[in-house]
Amino acid sequence: MTKIIFINYDDEKFNTVKAIRTEVFTDEQGANAGEEFDKYDSNSTFALMYENENPIGTARISKTDKGLKIGRIAIKKSCRGKGYGAKLVSAVTDKGFGLGADEVFVDAQNYAIPFYERLGFEIIGDEIIDRGLVHTQMSIKKEIFYDKEK
């Protein structure tokens, strides 16, 4: 059974968030370890996804100058290709809209752009480098997200 819980930075379960992000981004993808945990973490809401009682994924929702942004979306390698990523992104996007956003932003790794487009996100900006990884700025508007959910 899949479940998603939401926690804050000071929750003891944040250690699980850190472990998943380190495994996926730093160890597997070669992201700059010194930049993996940043100023946004202390003021973010985090999603932890479980399959049965095993933590398999995480994401965060951060308040930025631009608005609410989802990011650091990570699914353990052994669990990819099973629809967990779409469920996790939908959950954090819905949570972002529940927090009052009219638009939710994400900096998508370039290989994942088609994944986000299938979920209704659109490219809105140029490529950027985050932790040594190339990303493209994308967003989804509230009305598009909920129309897609029907």
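Rules of the game
Here, residues in each chain are numbered from 1, in the same order as that chain's written sequence. Per-residue local features are limited, in this predicted model, to residues with pLDDT of at least 70; the limit for side-chain atom pairs, both in listing and counting, is 80 or more; totals at the level of whole chains, interfaces and linings are taken over all residues. For the side-chain quantities, the full set of heavy atoms in the structure was used; hydrogens and water were omitted. Being paired, for any two strands, means DSSP has found at least two bridges between them. Going along the chain from the N terminus, every DSSP run of H or I of four or more residues is numbered as a helix, and every run of E of two or more is numbered as a strand. Axis definition: a line fit to C-alpha positions, over the contact stretch in the case of helices; interaxial angles, taken between N-to-C directions, run 0 to 180 degrees. In what follows, a contact means two residues having at least one pair of non-hydrogen atoms within 4.5 Å. Relative accessibility decides the category of a residue: with a 1.4 Å probe and only protein chains considered, values under 20% of the type maximum give buried, values over 50% give exposed, and everything between is partly exposed. By this rule the span expected of a helix is its residue count minus one, scaled by 1.5 Å. We call a set of buried residues a nonpolar core when its members are Ala, Val, Leu, Ile, Met, Phe, Trp, Tyr or Cys and they connect through side-chain atoms within 4.5 Å of each other. Bend angle per residue: angle between axes fitted to the 7 residues ending at that residue and the 7 residues starting there.

With mixed pairing, the seven strands of this open sheet are ordered in space as S1-S2-S3-S4-S5-S7-S6. Across the chains shown, the open sheet's two edge strands, defined by having one partner strand only, are strand S1 (2-8) and strand S6 (122-130). Between one strand axis and the next, the sheet turns by 25 degrees as a mean value, whatever way the strands run. Across three bridges, strand S4 (residues 68-75) lies against strand S5 (residues 103-109) in parallel orientation. In the sheet register, Ile70 faces S5, and the bridge partner there is Val106. Across the sheet, helix H3 (residues 84-98) touches S1, strand S2 (45-51), strand S3 (54-63), S4, S5 and strand S7 (133-141), and the angle it forms with S4 is around 160 degrees.

Of all the nine residues making up S7, seven are buried; the element is thus mostly covered by neighbouring parts of the structure. Pairing analysis gives seven bridges linking S5 to S7, with the strands arranged antiparallel. Across the sheet, residue Phe105 finds its bridge partner in S7, namely Ser139. In the sheet, S6 pairs with S7 via six bridges, with the strands oriented antiparallel. For Glu122, the partnering residue across the bridge sits in S7 and is Ser139. Counting the residues that bridge the hairpin from S6 to S7 gives two residues, and of these Arg131 lies at a positive phi of roughly 60 degrees.

So, about the environment of Met49. Within the secondary structure, Met49 sits in strand S2. For Met49, a relative accessible area of 0% gives the class buried. Sequence separation between Met49 and Ile129 is 80 residues, and the spatial gap between their C-alpha atoms is 27 Å. The residues contacting Met49, other than those within four sequence positions of it, are Thr2, Lys3, Ile4, Asn54, Pro55, Ile56, Gly57, Ile75, Tyr84, Lys87 and Leu88.

Looking now at H3. Its 15 residues place the ends of H3 21 Å apart at the C-alpha level, agreeing with the 21 Å of an ideal helix rising 1.5 Å per residue. What H3 keeps buried is the set Tyr84, Gly85, Leu88, Val89, Val92, Thr93, Gly96 and Phe97. Immediately beyond the C-terminal end of H3, within one or two residues, lies Gly100, with a positive phi of roughly 110 degrees.

The next point concerns the nonpolar core. If you look at the biggest cluster of nonpolar residues, it comprises 27 residues, and the most contacted ones within it are Ile70, Ile73, Tyr116 and Phe121. Counting residues per element, the ones that place at least two in this core are S2, S3, S4, H3, S5, helix H4 (113-118) and S7. Top contributing element to this core by residue count: H3, with five residues. Phe14, Phe46, Tyr50 and Ala74 belong to the second-largest nonpolar core, a separate cluster that totals 12 residues.

Between its first and last C-alpha atoms helix H1 (residues 14-28) spans 20 Å; for 15 residues at 1.5 Å apiece the expected length is 21 Å, and the two agree. Along its length, H1 reaches its greatest deviation from straightness, about 35 degrees, at Thr22. Among the residues making up H1, those that are buried are Phe14, Val17, Ile20, Arg21, Val24, Phe25 and Thr26. On its buried side, H1 packs onto S1, helix H2 (33-36), S2, S3, S4 and S5. Positive phi shows up at Gly30, right after H1, with a value of about 75 degrees.

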